[in-house]
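Architecture and fold: a report
Read off the chains here:
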Amino acid sequence: MGKIFFKTIHHFWPRLNAWADELPDTRFQPMVTYHARFLLWWAFLLFCFKLGSRRDLDFKLRDLELCVLANANQLAQTEQNSLPVHKTLAHFLGHVGSQALGQLRDQCVRQLIRNKVLDRFRFDGEFVLATDGSGYLSFKERHCPHCLEHSNGSSVYYLHPVLEAKIVHPCGLALSIGTQFIENPWPQKPPAAPAQLTDYEAVKQDCELNAFLRLAPELKRAFPQTPFCLATDSLMACGPVLTVCEENGWSFVLTFKPGRTPALWADFEGLLKLSPQNRLTRILPDKTRQCFRWANDLSYTDSEERTHLVHALICEETCQGQTQTFAWITNKRLCAANVAGVADYGGRVRFKIENQGFNIQKNSGLNMEHAYSMGPDTMKCFYYLLQIAHLFLQMLEMGSLLRQLARQYHSTPIGLFGSLKNIAEFLLDCFRYFRLEAEVFHPTEAFQIRLADSS
C-alpha cells in the first residue's frame, strides 16, 4: 500500500521539496533543527494518514523503534535523527503562512493540468468549477475579530465558514482549486482597548456571494489560460456573477429558481410555450425518465442595468412514481444534442463538491471541522494542507496503481479495503512497520498514473 501511494504522488515530490527549500529551517532548544522539507511532509502525513488531530502525531508516529523516521527521511530527502512534537509543526506553519500554502496548492493543481492528468474530466473542453460554502469551524465563544455570528434561539455561535471552488466530475472527482475564507473584516476604526473587541454591531457580515467576487480574480490570476465552466447554486444566478463569467471568458451552468430571478423565469415559461419542439425525453438504465425542455436567447437585466444573454433548461425527472424538477441557466446555446450533457456534467455535477468534497473531508477521517490550531492564520494553513492531502488521496484512490492491486484480488479498491478511511489506516500501518526501499521514493523506471472512476 505504501509503495503504491508514494509512487502515485512521486511527481509532486520535486516541486514540494523545492518549495520547502526556500523556507528557513526551524530551530529549537537545545539546538534541534528540523529541515523545512521534513516538517512539510510531516504536516502532509497528518492528513494523508487521517490521524484526525495534531496531537495524534505524537501518539501514532513518534516512536523511534518503528520505521517512521527512516521513511520520513526518505520522503523528505533529509537526515533527521529525531521526530518533532506536534507543537513544532504549528510553530513552523505559523512562520510559513496560509498564503504561501494556498499558492502551493495552486502549483500542485497546475502540474496536474499541465501534465494532462485531468483532461478526461473536461466537459466541452472545460473544467467544471463548482463553488459552495461550508461550515468549517464553530466556537461557542468569540474566537477572533473575524468570526461570523449566528444566533440560534438563546445561543450565539461564532463561525468560520469557507467558500471552496473545486474541479468536479460525475465520476467522483472533487479537486480543490480555490479557497476564500468567509470572515468579517476589522472595524474601520480599530478599537481603543481589547475590551471593546466584542462590539461588532457596525460590521456587516461577510457572505458567500462577496467571497466569490473576491475569489474569482484570484482564480483568474492563478489559472489565466485554463477554461472553466462555473457550476453553482441559485445564489450565484445574479448580475455580478454573470458579469464575472463574461469578463473572464468562463462558461456557466447555474441553478435557476423562480424566486431568485422571477422576471427571467416568467420569460422562460413564455418561451417554452412558443417552442414546443424544444423537448427531449430519455430513459436511464434504472428506468428513471427524464424530460428536457429548453429555450434560447433570454435577455436578463440585472440590478445595475447590465444586460445578459442566457439560455435556460428544465428537466423533469420521474423515478419510482416521484417527480423532481431541476432547472439551470447557461451561456451554452442549447439543442437536443447537448441538453443532457449540460444537465449531467454542468448542472447536477455541482453536488459532487458537497458529497465527494466536504462530506468526505468532514467524515472520512480528514476531520475538516476540527480546530488543528487556534491561531487565525495557522488554522488556515492546516486547511490548505488538508486540501493538498485530499488531492494526493484522490490520486491514490482513483489511480490505476491501486485499481491494479484490487484487480489481483478480483475486487475494487473499496471492495478490497472496505472504506476510504480503511485505506488510510493500511497506509499508516505500512509507513510505521515496513521500511520502504529507496526505489519507492526514487523509481528508476518511468510509469504513468491514469485516473478512473473511484468506485
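Scroll up for the structure.
In this report, we go over the structure that sits alongside the text. For clarity, every value in this text was computed on a predicted model and none was experimentally measured. (Residues numbered from 1 in each chain as written. Predicted model: local features only at pLDDT ≥ 70, side-chain atom pairs only at ≥ 80, totals over all residues. Heavy atoms only, no water.)

What to know about the overall build of the protein chain
Selection criterion: Comment: elements are numbered from the N terminus, with helices defined as DSSP H or I runs of at least four residues and strands as E runs of at least two. Note on method: radius of gyration uses C-alpha positions; expected globular size equals 2.2 Å times residues raised to 0.38. The buried label goes to any residue with under 20% of its type's maximum accessible area, the exposed label to any with over 50%, and the partly exposed label to all in between, with areas taken from a 1.4 Å probe on protein chains only. Only heavy atoms matter for contacts: two residues are in contact if any of them lie within 4.5 Å across the pair. Accessibility throughout is a Shrake-Rupley quantity obtained with a 1.4 Å probe, and a residue counts as covered only by protein chains that appear here.
Along the backbone of the protein chain there are 17 helices and 13 strands. Whereas a compact globule of 455 residues would reach a radius of gyration of roughly 23 Å, the protein chain reaches 24 Å, a difference of no more than 12%. Taken along its principal axes, the extent of the C-alpha atoms in the protein chain is 80 × 65 × 40 Å. A total of 455 residues make up the protein chain; the buried ones form 55% of that total. Long-range contacts, defined as pairs at least 24 residues apart, comprise 68% of the intrachain contacts of the protein chain with a sequence gap of at least 6. A total accessible area of about 21,000 Å² is found for the protein chain, and carbon and sulfur atoms account for 49% of it.

Let's talk about the nonpolar core
Definition in use: As used here, the term nonpolar core means buried Ala, Val, Leu, Ile, Met, Phe, Trp, Tyr and Cys residues forming a set that is joined through side-chain atoms within 4.5 Å.
Of all hydrophobic cores here, the largest spans 152 residues; its most connected members are Phe6, Leu101, Leu118 and Phe392. The leading source of residues in this core is helix H13 (residues 376-397), at 14 residues. In contact with phenylalanine 392, not counting residues within four places along its chain, are Phe5, Ile9, Phe12, Leu16, Trp41, Phe44 and Cys48.

Remarks on the packing of helix H6 (residues 86-96) against H13
Worth spelling out the cut-off: In this analysis an axis means a line fitted to C-alpha atoms, helices contributing only their contacting stretch, and an angle means the value between N-to-C directions, from 0 to 180 degrees. Roughly parallel here means an angle under 35 degrees, roughly antiparallel means over 145, roughly perpendicular means 65 to 115, and every remaining angle is called oblique. Only Asp, Glu, Lys and Arg are considered charged, only Ala, Val, Leu, Ile, Met, Phe, Trp, Tyr, Cys and Pro nonpolar, and every remaining residue, Gly among them, polar.
With their axes 9 Å apart at the nearest point, H6 and H13 run at an angle of 95° to one another. Relative to H13, the element H6 is oriented roughly perpendicular. Across the interface between the two elements, Leu89, Ala90, Leu93 and Gly94 of H6 pack against Thr378, Cys381, Phe382 and Leu385 of H13. Grouping the constituent residues of the contact of H6 with H13 by class yields 6 nonpolar, 2 polar and no charged.

A closer look at the pairing of strand E13 (residues 322-330)
Rule in force here: Two strands make a pair as long as DSSP finds a minimum of two bridges between them.
Direction of pairing for strand E9 (residues 251-255) relative to E13: antiparallel, over a ladder of 3 bridges. Across the sheet, valine 253 pairs through a bridge with threonine 330, a residue of E13. The pairing of strand E12 (residues 307-319) with E13 spans 9 bridges and is antiparallel. Paired with histidine 311 across the strands is threonine 330, a residue of E13. The antiparallel pairing of E12 with E13 creates a hairpin that spans 2 residues between the two strands, and glutamine 320 there sits at a positive phi of about 55°.

Notes on helix H16 (residues 420-433)
Threshold: Helix span, as expected, comes to 1.5 Å for every residue beyond the first.
Taking 1.5 Å per residue as the helical rise, H16 with its 14 residues ought to reach 20 Å, and the 20 Å between its terminal C-alpha atoms agrees with that figure. What H16 keeps buried is the set Leu420, Ile423, Ala424, Leu427, Leu428, Cys430, Phe431 and Arg432.

Considering unusual backbone geometry
Even without glycine at this site, aspartate 124 takes up a positive phi of about 60°. Mapped onto the elements, aspartate 124 comes out in the loop between strand E3 (122-123) and strand E4 (126-139). Residue class for aspartate 124 comes out exposed when judged on its relative accessible area of 57%. Of note, glutamate 305 is a non-glycine position whose phi angle comes to about 65°, a positive value. Positionally, glutamate 305 belongs in the loop between strand E11 (289-301) and E12. With a relative accessible area of 63%, glutamate 305 lands in the exposed category.

Considerations on the environment of leucine 83
Within the secondary structure, leucine 83 sits in the loop between helix H5 (68-76) and H6. Exposure remark for leucine 83: the relative accessible area of 4% places this residue in the buried category. Along the backbone, leucine 83 and phenylalanine 38 are 45 residues apart, and their C-alpha atoms lie at a distance of 9.5 Å. If we ignore the near neighbours within four places in the chain, the residues touching leucine 83 are Tyr34, Phe38, Trp42, Leu61, Arg62, Asp63, Leu64, Val68 and Leu69.

Side note on the side chain of threonine 378
In this structure, threonine 378 sits in helix H13. Not counting the four nearest positions on each side in its chain, threonine 378 is found in contact with Ala90, Leu93, Gly94 and Ser373.

Points about the pattern of salt bridges
For clarity, the cut-off: Each reported salt bridge corresponds to a side-chain nitrogen of Lys or Arg within 4 Å of a carboxyl oxygen of Asp or Glu.
If you walk through the whole model with that rule in mind, you get 18 salt bridges. When the shortest N-O distance is used, the salt bridge between aspartate 344 and arginine 282 registers 2.5 Å. Of this pair, aspartate 344 sits in helix H11 (residues 339-347) while arginine 282 is found in strand E10 (residues 279-283), placing the two residues 62 residues apart along the sequence. For aspartate 344, a relative accessible area of 22% gives the class partly exposed. Given a relative accessible area of 23%, arginine 282 falls into the partly exposed group. In this structure, the salt-bridge partner of lysine 362 is glutamate 369, at a minimum N-O distance of 3.8 Å. Residues participating in the shared-partner salt-bridge network are Asp124, Glu126 and Lys332.

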